[in-house]
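Listed here are the chains, written in short residue letters.
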Amino acid sequence: MNGDHRVATVAVVGRDVDLWLTAAVISRALGASGVSVEAVELPGRLRPSDIAATLPPLEALHAKLGLGEAEVLLETGSAFSFGQNFATGSGRPPPFFHAWGSYGRPVDDIEFFHLWRQARRQGLTLPLQGFCLTAVAAQNGRMLVPDQATYACGRTDYGYHLHTAPYVALLKSVARAQGVTLHQAQDVDVERGGEDPSIAALRLDGSRRVPADLFVDASGAEAVLLGGALGVPLDSWRHCLAARRVLCARAPAFTSIPPFAEIRIGPHGWTALHPTRAATGIIHAADIGSDEDTAASAAAAAGIELADIASRTVAPGMRAPWQGNCIGV
């Protein structure tokens, strides 16, 4: 793509959260300069059990999109999360709370962790998370709003456990209100620009044509544009990761909702419990083969009745994120 070529139209291809968050962000960032956004929506693959565990920066991104925190939580029936509690069951290694906040504050420009290590050698028994205000609040079931008073004890922050289906609907409404044009399609192919390796247009279901200057592949692991149409190979990470199947399920909500996720480590993988006000989302990653074995392993690790169970094989890896005028997210 010529370096002085002005981008007037961006086409985003994908489904669910990836599509609508990308389309909304590009429209909000570039719409004022006259850039139009075309969203090509493939059939959704959301399940009733899908819950997204987010990191703290999402709140700032929502603010850029004009989404208030109360609106997001109300519309999605979601909950706050201060971090992740890692539990091994065997006690080795000991449990650890990974908080969305800092552990202590530097003293005389020395990072707190080094001071804690020195204190441990001199007999201190208090674990590292005991010096993290976010972790202490979470483990005591308390809500903590970051402000100047909490900052005196170190940075505090939080993420969310979001119900994915209503969250997608909310993002879609924001993007449409910003002027994003919707095209629904079952199948997408590309039209090349002669000898130019870049994409000239998308062909939807073999007939409809959507031209653009820049194309964004937001179709996740499927990589409809980068992997399918453009043939960018996958750099496999299989040798680094043992999990071969991932199961998603839904369990009843906790009577008292903990403000954190719990990650339970087991002999065949790990199980994550993401509590919300309406239900508890379960994600189970395992190195065993069949759907039945994976479901049994997940139920045993969660210790509660599971519903809406769905599992899939995983092929971990990454493609080169930029090819011609196509970018992957």
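Each value, and the rule that gives it
Residues numbered from 1 in each chain as written. Predicted model: local features only at pLDDT ≥ 70, side-chain atom pairs only at ≥ 80, totals over all residues. Heavy atoms only, no water. Helix = DSSP H or I, 4+ residues; strand = E, 2+ residues; numbered from the N terminus. Contact = heavy atoms within 4.5 Å. Axes fitted to C-alpha atoms, helices over the stretch in contact; angles between N-to-C directions. Parallel < 35°, antiparallel > 145°, perpendicular 65-115°, else oblique. Left-handed = near helix turned anticlockwise from the far one by under 90°. Nonpolar A, V, L, I, M, F, W, Y, C, P; charged D, E, K, R; others polar. Salt bridge = Lys/Arg side-chain N within 4 Å of Asp/Glu carboxyl O. Buried < 20%, exposed > 50% of the residue type's maximum accessible area, 1.4 Å probe, protein only. Pairing = 2+ DSSP bridges. Arc of directions from axis to C-beta. Core = buried A, V, L, I, M, F, W, Y, C linked by side-chain atoms within 4.5 Å. Expected span 1.5 Å × (residues − 1).

J.: Looking at this structure, I do not really get the environment of Gly101. What am I missing?
T.: Take Gly101: it is sitting in the loop between β6 (96-99) and α4 (112-121). Sequence separation between Gly101 and Pro146 is 45 residues, and the spatial gap between their C-alpha atoms is 9.8 Å. The residues touching Gly101, leaving out its near neighbours within four places in the chain, are Cys132, Thr134, Arg155, Thr156 and Asp157.

J.: Explain the packing of helix α1 (residues 16-30) against helix α7 (residues 164-177) here, please?
T.: Each pair of packed helices gets described by two things: the angle between the helix axes and the distance between those axes. The geometry of α1 relative to α7 is characterised by a closest axis approach of 9 Å and an angle of 25° between their N-to-C directions. Relative to α7, the element α1 lies roughly parallel. Considering only the axes of α1 and α7, their crossing is left-handed. The residues of α7 that touch α1, namely those facing Asp16, Val17, Trp20, Leu21 and Ala24, are Thr164, Tyr167, Val168, Leu171, Lys172, Ala175 and Arg176. Its residues placed into classes, the contact of α1 with α7 shows eight nonpolar, one polar and three charged.

J.: What is the right way to read the pattern of salt bridges from this model?
T.: Summed over all chains, the structure comprises nine salt bridges. A salt bridge links Arg15 to Glu222; its shortest N-O distance comes to 2.7 Å. Here the residue Arg15 occupies a position in the loop between β1 (9-14) and α1, and Glu222 occupies one in the loop between β12 (214-218) and α8 (224-229), the gap between them amounting to 207 residues. The buried category is assigned to Arg15, whose relative accessible area is 10%. In this structure, the salt-bridge partner of Arg203 is Glu191, at a minimum N-O distance of 3.1 Å. Taken together, the positions of Arg203 in strand β10 (residues 196-204) and Glu191 in strand β9 (residues 188-193) put the pair 12 residues apart, joining distant regions of the chain. Classification of Arg203 as partly exposed rests on a relative accessible area of 31%. The network of salt bridges with common partners includes Arg15, Arg45 and Glu222.

J.: Just checking my understanding: could you explain the sheet that holds strand β8 (residues 181-184) for this structure?
T.: Strand pairing in a sheet relies on backbone hydrogen bonds, with the paired strands running either antiparallel or parallel. Taken together, six strands build an open sheet; the order of strands is β8-β2-β1-β12-β21-β20 and the sheet is mixed. The open sheet has two free edges, formed respectively by β8 and β20 (322-323), since each of these has just one partner strand. The pairing of β12 with strand β21 (residues 326-328) spans three bridges and is parallel. Opposite Asp217, over in β21, you have Gly328 as the bridge partner. Each of β1, β2 (36-41), β8 and β12 touches α1; the most contacted strand, β2, lies at about 175° to it.

J.: Explain helix α3 (residues 69-76) to me, please; I cannot follow it from the model alone.
T.: Quick reminder: α-helices carry 3.6 residues per turn. Residues three or four places apart thus point the same way. All of the buried residues in α3 are Val72, Leu73 and Thr76. Each buried residue of α3 lies within a common arc of 90° when the element is viewed along its axis, so the set occupies one face. Among the exposed residues of α3, those oriented more than 90 degrees off its buried face are Ala70 and Leu74. For α3, the secondary structure elements touched by its buried residues are α2 (58-64), β4 (79-81), β7 (159-163) and α7. Of the residues flanking the end of α3, it is Gly77, one or two places downstream, whose phi is positive at about 60°.

J.: I'm lost on the environment of Val136 in this one. Help?
T.: Among the secondary structure elements, Val136 is positioned in helix α5 (residues 133-139). Val136 gets classed as partly exposed once you look at its relative accessible area, which sits at 31%. On a C-alpha basis, the gap between Val136 and Ala99 in space is 9.2 Å, while along the polypeptide they are 37 residues apart. Residues in contact with Val136, not counting those within four places in the same chain, are Gln129 and Gly130.

J.: It is not clear to me how unusual backbone geometry should be interpreted in this structure. Could you clarify?
T.: Where the residue is not glycine, phi is negative for most of them; where a peptide bond is considered, it is trans in most cases. Not every positive phi belongs to a glycine, and Asp16 is a case in point at roughly 60°. By the secondary structure assignment, Asp16 is in helix α1. Its identity as a non-glycine residue notwithstanding, Asp308 has a phi of 50°, on the positive side. Take Asp308: it is sitting in strand β18 (residues 307-313).

J.: Teacher, can you tell me more about the nonpolar core here?
T.: Within soluble globular proteins, side chains that are nonpolar tend to cluster in buried spots. Ranked by internal contacts, the top residues of the largest apolar core, which has 43 residues, are Val10, Val12, Trp20, Tyr167, Leu171 and Val180. Take this core: its biggest share by element is seven residues, from α1. Discounting chain neighbours no more than four positions away, the residues touching Val180 are Trp20, Ala23, Ser27, Val37, Ala39 and Ala175. Ala185, Val224, Leu225 and Leu230 belong to the second-largest nonpolar core, a separate cluster that totals 19 residues.

J.: Can you help me understand α7 in this one?
T.: With 14 residues, α7 should reach 20 Å at 1.5 Å per residue; the first-to-last C-alpha distance of 20 Å fits that figure. Of all the residues in α7, the buried ones are Thr164, Tyr167, Val168, Leu170, Leu171, Val174 and Ala175. The buried residues of α7 occupy an angular sector of 160° when projected down its axis, which confines them to one face. In this fold, the buried residues of α7 make contact with α1, β3 (51-53), α2, α3 and β7. With its phi angle positive at about 100°, Gly179 sits one or two positions after the end of α7.

The quantities given are spatial measurements derived from coordinates; they are silent on function.
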